[in-house]
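Chain by chain, the residues:
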Amino acid sequence: MCGLEYRGYDSCGFAIKDNSKIGLKKTKGKINLLKTTTRPGAYFTLGIAHTRWATHGVPSFINAHPHHDCKKKIFVVHNGIIENYRELKAYLKKKHHRFCSDTDTEVIPHLIEEFSKRHSFFEAFLKTVNMLKGSFAISAITSSEDALFFARKDSPLIMGVAKEGFILASDIPAITPFTKNIVHIKDGWVGRISRDKFEMFNFKGKKVRAAAEKTDISLGAATKQHYAHFMLKEIYEQPHVCARLYSFYVHNTRIEFKDLNMDIKFLKSLKRIFIFACGTAYHAGFVAKYFLEKICDIEVEIDVSSEARYRRFKLGPDDLVLAISQSGETADTIAALREAKKRKAKIVGVCNVLGSTITTESDGLIYTLAGPEIGVASTKAYTAQVFSLLLFSLHLAYLRKSISTAFFKQCLSELRSVSKHHKTILKNAASIKKIAKRFSRFGCFLFLGRGINYPSALEGALKLKEISYIPAEGYPAGEMKHGPIALIDEYRAVVCIAPRGELYSKIVSNIQEIKARKAKVLAIVEEKDREAQSLADAAIHIPSTKYSQISPLLVALPLQLFAYFVAKNLGCEIDQPRNLAKSVTVE
Ligand code: M6R
């Protein structure tokens, strides 16, 4: 249960079976509160547990999972959303079922109870699952059987097979301390686990074959080690992640994407790419859009998945869709991917979790190899996405002959140096910490960038707002004069991303306009910069690169560290910011 807390943490609970009795404990808040009310050393062999990210009903004791039936004999935990719960609740109320929570989940144990009157428990469970609309990963226990029942539709669920028994979870890192043998439970499967065996079926009740595979995720990768927070540890992992990606995809001077699974002819003649992603992954895709357009001579359309899935793009078999997601389980991106699939577009998942829904539903894969990311604020997964997508763009440009060999080689050598540059930036963390202290008093931030660093500005603002709760907006610097400049006065802080490149002089002018209106400017500049730095109130340096288009990979680190130290100064809960969850598996 602890291993899953990063997925939701506003309330939690568990139900454990001891002979035929089931005991229930739950609380509003985090797991450590639950620990204080639990008898240490309690022994049991069957149980279910849940950490919640509220969808229906406020975070409270009553709404915390597990939920139960009228007689408190059937207990259920659920991730996802039951869309038809109102109709089901009305039906059950007519049958005199009594409800105590505001959740959609509570209909599940009551439906099972209702159907158990005339059917075996498993039949009742299956019947219930078939009545549910929406998304769900469910597990249930009952006082009448020594077994655990589960079902999955559009919400992640995996099973670990350990020496001591079986464990169900939403995510692999939660169970790697116990086992590395994982069964990837497929959408539309239900199952039953008893003491020494498991069985799985489709929703019609027909048996399906499920086998365990070994995962390569190590326990070390999912612990904080000596770092104060997962976020900080993951920021410091970035030089290794980029070096790993480089040696995985680049062989001498050849880029190879073994799992891309796309016909070379298709890639050569490709006219349009669509990118779908959410949050930080969207910003990584936005950086890639600039790069792809610049070097591949290709039209690139990007949208956040929650919008993309409802738009009527002209999308067909000649188009390529890049579905970017750290977790591979983001409901909006999965929905956009499925929509694109219906229209026969080719899909490449850009993903960090092998075996996740996006990796299994895509035609091809760009594996981002960042290792488990636990901090809710995405850091190393972002740089891994940008790095892999820049490599992919170079690969495509090379195939399409839209760049020279000399340029290709130069870019590769720049990308090889990213890991070294990251180390240089991280050595400077103490000075970023000092700057963050000075800027922590501001109640509102603007992040400005131009060209390929406009997405960096969006990402910098997102990092700051999600962990420090300070309102922060990312803007293309050239757009300031069309409205946002009205915000500027001596009480505002503006972070200007100003590495050298074709738009450098433009952003210097933008900094001048801001200074003329007395806001405090923090500039992210290259080592040898003079102009932008001389105008700013503070500056953070990044190493110089020959090709400015790779600067988003460098700029990301100071922005992440800045957000981290500001949030730390303000005493915020960095790894688990309020109202958020790591995997957003509901729409
Ligand atoms: O797992 P995904 O990459 O699909 O997640 C997408 C977003 O929910 C995620 O990037 C979110 O914006 C992060 N918390 C940002 O730090």
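Caption draft 1: Local environment of the overall build of the protein chain. When you go through the protein chain residue by residue, the secondary structure sums to 18 helices and 26 strands. Here the C-alpha atoms of the protein chain give a radius of gyration of 25 Å, agreeing with the 25 Å that 2.2 N^0.38 yields for 587 residues. Projected onto the principal axes, the alpha-carbon positions of the protein chain cover approximately 80 × 55 × 45 Å. Here the protein chain holds 587 residues, and the buried ones make up 61% of them. Restricting to contacts in the protein chain with at least 6 residues of sequence separation, those with at least 24 account for 70%. In the structure as shown, the protein chain presents an accessible area of about 24900 Å², 51% of it carried by carbon and sulfur atoms.

Caption draft 2: Just helix α18 (residues 552-569), in detail. Taking 1.5 Å as the rise per residue, α18 with 18 residues should run 26 Å; its terminal C-alpha atoms sit 26 Å apart, in good agreement. In terms of residue burial, α18 counts as a mostly covered element, since 16 of its 18 residues are buried. One or two steps after α18, the chain reaches G571, where phi turns positive at roughly 70°.

Caption draft 3: Summary view of the packing of aromatic side chains. Using the criterion set out here, one finds 25 aromatic pairs in the structure. A centroid spacing of 4.6 Å and a plane angle of 55° characterise the contact between F121 and F149, whose relative ring orientation is tilted. Residue F121 is found in helix α4 (residues 121-131), and its partner F149 is found in strand β7 (residues 145-153); the two are separated by 28 residues along the sequence. Accessibility assignment for this pair places F121 and F149 in one class, buried.

Caption draft 4: How the structure looks around unusual backbone geometry. Cis rather than trans, the peptide bond between H65 and P66 has omega equal to -5°. By the element assignment, P66 lies in the loop between β3 (46-52) and β4 (67-68). Backbone geometry at H96 places phi at a positive 70°, although glycine is not the residue there. Tracing the backbone shows H96 in the loop between α2 (85-94) and α3 (107-116). Phi is positive for L369, which is not a glycine, with a value near 50°. With respect to the helices and strands, the residue L369 is situated in the loop between β21 (364-367) and α12 (380-399). For L369, a relative accessible area of 10% puts it in the buried group.

Caption draft 5: Region of the structure containing the sheet that holds β21. Pairing is parallel across the open sheet formed by five strands, whose spatial order is β18-β17-β19-β20-β21. The sheet is open, and its two borders are formed by β18 (299-304) and β21, each paired with just one other strand. Strand-to-strand, the axes of this sheet are offset by a mean angle of 20°, without reference to chain direction. Here strand β20 (residues 346-351) pairs with β21 via four bridges, running parallel. Of the residues in β21, the one forming a bridge with C351 is Y367. Contacts from helix α8 (residues 279-296) reach β17 (272-277), β18 and β19 (320-325), with the element oriented near 170° to β18.

Caption draft 6: View of the environment of D154. With respect to the helices and strands, D154 occurs in the loop between β7 and β8 (158-161). Look at D154 and you get partly exposed, because its relative accessible area is 30%.

Caption draft 7: Highlighting the site of the ligand. Taken together, 15 residues surround the ligand, and among them S325, Q326, S327, T330 and E466 come closest. Measuring from a nitrogen atom of the ligand, one finds a backbone N or O atom of V376 at 3.0 Å. Protein chains bury 90% of the 410 Å² of accessible surface belonging to the ligand in isolation. Of all elements in the fold, only α8 and α15 (454-468) reach the threshold of two or more residues within the shell around the ligand. Among the domains, domain 2 (224-416) and domain 3 (426-577) are the pair contributing at least three residues each to the shell around the ligand.

Caption draft 8: Molecular detail of the domain arrangement of the protein chain. Domains assigned within the protein chain are domain 1 (2-221), domain 2 (224-416) and domain 3 (426-577). Each of domain 2 and domain 3 was reduced to a C-alpha centroid, and the two centroids are 25 Å apart. Contact residues are listed per partner, giving 34 residues for domain 2 and 31 residues for domain 3. Between domain 2 and domain 3, a total of about 2900 Å² is buried, with carbon and sulfur atoms accounting for 70% of that surface. Taken together, the links from domain 2 to domain 3 amount to one salt bridge. Of the charged contacts in the structure, one is a salt bridge between E502 and K294, with a shortest N-O distance of 2.8 Å. Run the count over domain 2 and domain 3 and you get twelve residue pairs in polar contact (both at pLDDT 80 or more).

Caption draft 9: View of the packing of α15 against α18. As a packed pair, α15 and α18 sit with axes 9 Å apart at the nearest point and diverge in direction by 20°. Here α15 lies roughly parallel to α18, going by the angle between them. Considering the relative orientation of α15 and α18, their crossing is right-handed. Residues S456, G460, K463, L464, I467 and S468 of α15 form the contact with α18, whose participating residues are P552, V555, L559, Q560, A563, Y564, V566 and A567.

Caption draft 10: Focus on the packing of α12 against helix α13 (residues 405-427). Between α12 and α13, the shortest axis-to-axis distance is 10 Å and the interhelical angle comes to 170°. In terms of axis orientation, α12 runs roughly antiparallel to α13. Contacts between α12 and α13 pair T383, F387, L390, L391, L394 and Y398 from the former with F408, C411, L412, L415, V418 and H422 from the latter. Residues belonging to the contact of α12 with α13 are distributed by class as follows: ten nonpolar, two polar and no charged.

Caption draft 11: Focus on the nonpolar core. By size, the foremost hydrophobic cluster in this structure holds 122 residues, and its most contacted members are I273, L292, L322, L394, L415, F445 and F562. Sequence-distant contacts of L292, defined by excluding residues within four places in its chain, comprise I273, I275, D297, I298, V300, L322, F392, S393 and L396. L92, F99, I138 and A147 belong to the second largest nonpolar core, which has 28 residues in total.

Caption draft 12: Molecular detail of the sheet that holds strand β22 (residues 445-449). Ordered by their spatial adjacency, five strands build an open sheet running β23-β22-β24-β25-β26, and the pairing between neighbours is parallel. Looking at strand neighbours, the two that pair on one side only are β23 (472-476) and β26 (538-542), the edges of this open sheet. The sheet shows a mean angle of 20° between the axes of neighbouring strands, taken without regard to direction. In the sheet, strand β25 (residues 520-526) pairs with β26 via five bridges, with the strands oriented parallel. In the strand pairing of β26, A523 is matched with A539. Relative to β26, helix α14 (residues 429-439) is tilted by about 150°, and along the sheet it contacts β22, β24 (493-497), β25 and β26.

The rules behind each value
- Residues numbered from 1 in each chain as written.
- Predicted model: local features only at pLDDT ≥ 70, side-chain atom pairs only at ≥ 80, totals over all residues.
- Heavy atoms only, no water.
- Helix = DSSP H or I, 4+ residues; strand = E, 2+ residues; numbered from the N terminus.
- Rg over C-alpha atoms; globule rule 2.2 N^0.38 Å.
- Buried < 20%, exposed > 50% of the residue type's maximum accessible area, 1.4 Å probe, protein only.
- Contact = heavy atoms within 4.5 Å.
- Areas by Shrake-Rupley, 256 points an atom, 1.4 Å probe, with all protein chains shown as cover.
- Expected span 1.5 Å × (residues − 1).
- Phe/Tyr/Trp six-rings, centres within 6.5 Å; stacked < 30°, edge-to-face > 60°.
- Pairing = 2+ DSSP bridges.
- Axes fitted to C-alpha atoms, helices over the stretch in contact; angles between N-to-C directions.
- Near = heavy atom within 4 Å.
- Polar contact = N/O pair within 3.5 Å; in protein donor to acceptor, adjacent residues only side chain to side chain.
- Domains from an automatic or database assignment.
- Buried area = accessible area lost by both parts, 1.4 Å probe.
- Salt bridge = Lys/Arg side-chain N within 4 Å of Asp/Glu carboxyl O.
- Parallel < 35°, antiparallel > 145°, perpendicular 65-115°, else oblique.
- Left-handed = near helix turned anticlockwise from the far one by under 90°.
- Nonpolar A, V, L, I, M, F, W, Y, C, P; charged D, E, K, R; others polar.
- Core = buried A, V, L, I, M, F, W, Y, C linked by side-chain atoms within 4.5 Å.

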